[in-house]
Structure formats: structure tokens, C-alpha cells
Amino acid sequence: MNTFSDSVLTALRLVLSGDPALWSVVFRSLAVSAMACVIACGLGLLLGSLLAVSRFRGRPVLLTLLNTFLAVPSVVVGLVVYLLLSRSGPLGFLGWLFSFQAMVLAQSLLVLPLVTALTRQVVEDADTSHGEQLRSLGARTAMRSLLLAWDERYALLTVLITAFGRAVSEVGAVMIVGGNIDGFTRVMTTAIALETSKGDLPLALGLGLVLLSVVLLLNSLVSLLRRWRERLDTGSQNGAVALA
């Protein structure tokens, strides 16, 4: 049996046996990404909804900047957060550098443009379809953005799942601001990079299998939500035809 086969079998045993070292890293990764998504989605949903229905000078420039932030490498985000949280930085008094909070902040900033851009597109499409009716009823910009976002809540669930997938698979930012400290700031992606460099392939593969499983689960949820939404839309259309 070759080294790869041995490593895979050992990795499966680590995963299935509930190895404490492996699962502590997994739970820490999920906690960091979940908190980052709560923060980023809370802000991104509001900003994206308002941006979708608002019309003002400079909006095209703002949209261009927003789309540009989608392509910013995670290491750049990590560097910016590092400079902000360093002792000489404006947020150095918080003492968050190389901590759980620093990783949450970095992932929040990384995911925020994604949530805002996707929400803006979803709500703007809804506004194009039936926003005129809300305007005729006297709904102002803020109220219209909230109503349209609620109307598209199932589509926005897909945005939330996508954001979590982006956060949990990120490595550059958390490596810089977290420091990959064992037992404190080591997450799945940084642990995989470290254990591979050390030659501990079973642990790296075990973490990789868990990470792939999380991504597969997220993609499956996105697919199920889309099918559910299509069925709801089809049922609504059939009901409207029957009433007509």
C-alpha cells in the first residue's frame, strides 16, 4: 500500500474516531466563519438592498468599486486588518491581533462586498419587476428596499450560504491576523497548510475531507433552495391561472 493510501485511511480514522485535535480545529473554523457571516450579512443585506433601489450621483462609481472589492485577494484584506489592529494602528488599543476576534473581523470584511453585491443584484431585479407598484403605493426608498428584500428572502438565503462557503474556505487573511496559533487561532485552512509543510499528511487530509464535506453540504443546500423556490414559483403561477 502506498503512502497516499495509508494517509487517506489514517485520515478517515481520525475523522471517524472524533480526534480531539482535528475536531477542535473544525469547530473553531465553523465558529469564526459563522460569526463573520452574521456580521457581514447583517450589514451587507441592508446596504445591498438600499443600493439596489437608491438612485444618486456617483452610484455607478460606487458599484464599480463594490465589484472591484469582490476580486480583492484575501491576503490584502488580512494585511489591511493587520495594520489596523497592530499596536501602532488606529485599532491597536483593542488588543485583538492574533486572536479569534481578529479572524472574525478579517473574514467579515472579506465577505461583506460579496453579500452586498449579490443582495444588490437580487433586490434590483425584483425592483425592476414589481418595484413600480410599491412606488405607486407611496413606499419610500428604505421601506421599498426592505419589502423587496423580504419578498426575495429565499434567494437571499442562497447568498448567505454562498457567503459562509467563501468565509470557511479562506486562508490568507486568517493566517496573517490570527497567526495560526495552536489551540487558539488555528482553523482548517491554516492547519492544512501547516500540517502539509510538516509532512503530517493524515491530519491535513482529514481536515481537507471535513472542509470538502462542508463545501459539499453548502452547495447541496443552495441547490435544494433553488429547486424549492422554483416549485413555489410554479405553484403560485398555477394558482393564479386557476383563479383567473
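Up top is the structure.
Here we summarise the structure given alongside this text. Numbers given for residues are sequential positions, taken from 1 along each chain in its written order. Owing to the predicted nature of the model, reporting of local features is limited to residues with pLDDT of at least 70; listing and counting of side-chain atom pairs is limited to 80 or more, with chain, interface and lining totals taken over all residues. As a rule here, side-chain values cover all heavy atoms of the structure and leave hydrogens and water aside.

Comments concerning the overall build of the protein
So, step 1. Think of it this way: any DSSP run of H or I at least four residues long counts as a helix, any run of E at least two long counts as a strand, and we number them from the N terminus. Within the protein, the regular secondary structure consists of 10 helices and 0 strands.
So, step 2. Dimensions of the protein, computed from the C-alpha atoms along their principal axes, are close to 65 × 50 × 25 Å.
So, step 3. Using a 1.4 Å probe on the protein chains alone, a residue whose accessible area is under 20% of its type maximum counts as buried, one over 50% counts as exposed, and one in between counts as partly exposed. Residues counted as buried form 41% of the 244 residues belonging to the protein.
So, step 4. The criterion used for residue contact is that any of the two residues' heavy atoms lie within 4.5 Å. Counting contacts in the protein only where the partners sit at least 6 residues apart, residues at least 24 apart contribute 72% of the total.

Regarding the layout of surface pockets
So, step 1. Put plainly, a pocket is an open set of points on a 1 Å grid over the protein atoms alone with protein on both sides within 12 Å along at least five of seven lines, a cavity is a set where a 1.4 Å probe fits but cannot get out, and a lining residue has an atom within 4 Å of a point. Grid points are joined across faces, edges and corners, and a volume is the space filled by probe spheres set on the points. Volume-wise, the largest pocket comes out at about 390 Å³.
So, step 2. Taken together, 15 residues line the largest pocket, and the ones lying closest to its centre are Leu66, Phe69, Leu109, Leu112 and Pro113.
So, step 3. Those elements that place two or more of their residues in the lining of the largest pocket are α2 (20-53), α3 (59-69), α4 (74-85) and α5 (100-136).
So, step 4. At 5 residues, the largest contribution of residues to the lining of the largest pocket is made by α5.

Points about empty space enclosed by the protein
So, step 1. The full count for this structure, using the stated rule, is 1 cavity of 30 Å³ or more.
So, step 2. Taken as a whole, the largest cavity spans an internal volume of roughly 40 Å³.
So, step 3. In terms of lining, the largest cavity is formed by Ser29, Val32, Ser33, Gln107, Ala167, Val168, Glu170, Val187, Met188 and Thr189.
So, step 4. Per element, the largest residue contribution to the lining of the largest cavity is 3 residues, and it comes from α2.
So, step 5. Looking at the lining of the largest cavity, its residues break down into 5 nonpolar, 4 polar and 1 charged. In the scheme used here, Gly and all other residues not listed as nonpolar or charged are polar, with Ala, Val, Leu, Ile, Met, Phe, Trp, Tyr, Cys and Pro taken as nonpolar and Asp, Glu, Lys and Arg as charged.

So, the packing of α3 against α5
So, step 1. Where α3 contacts α5, the axes come no closer than 8 Å and their chain directions differ by 130 degrees. Viewed along their axes, α3 and α5 adopt a mutual orientation that is oblique. As for how α3 packs across α5, the hand of that crossing is left-handed. On the side of α3, the interface is formed by Arg59, Leu63, Leu66, Asn67 and Phe69, while α5 contributes Pro113, Thr116, Ala117, Arg120 and Glu124.
So, step 2. Residues that form the contact of α3 with α5 fall into these classes: 5 nonpolar, 2 polar and 3 charged. Structural elements are reduced to axes, namely lines fitted to C-alpha atoms, with helices fitted over the stretch in contact, and the angle between N-to-C directions of any two is expressed from 0 to 180 degrees. Should an angle fall under 35 degrees it is taken as roughly parallel, and over 145 as roughly antiparallel, whereas 65 to 115 is taken as roughly perpendicular and any remaining angle as oblique. By definition, turning the near helix anticlockwise from the far helix through less than a right angle yields a left-handed crossing, and turning it clockwise yields a right-handed one.

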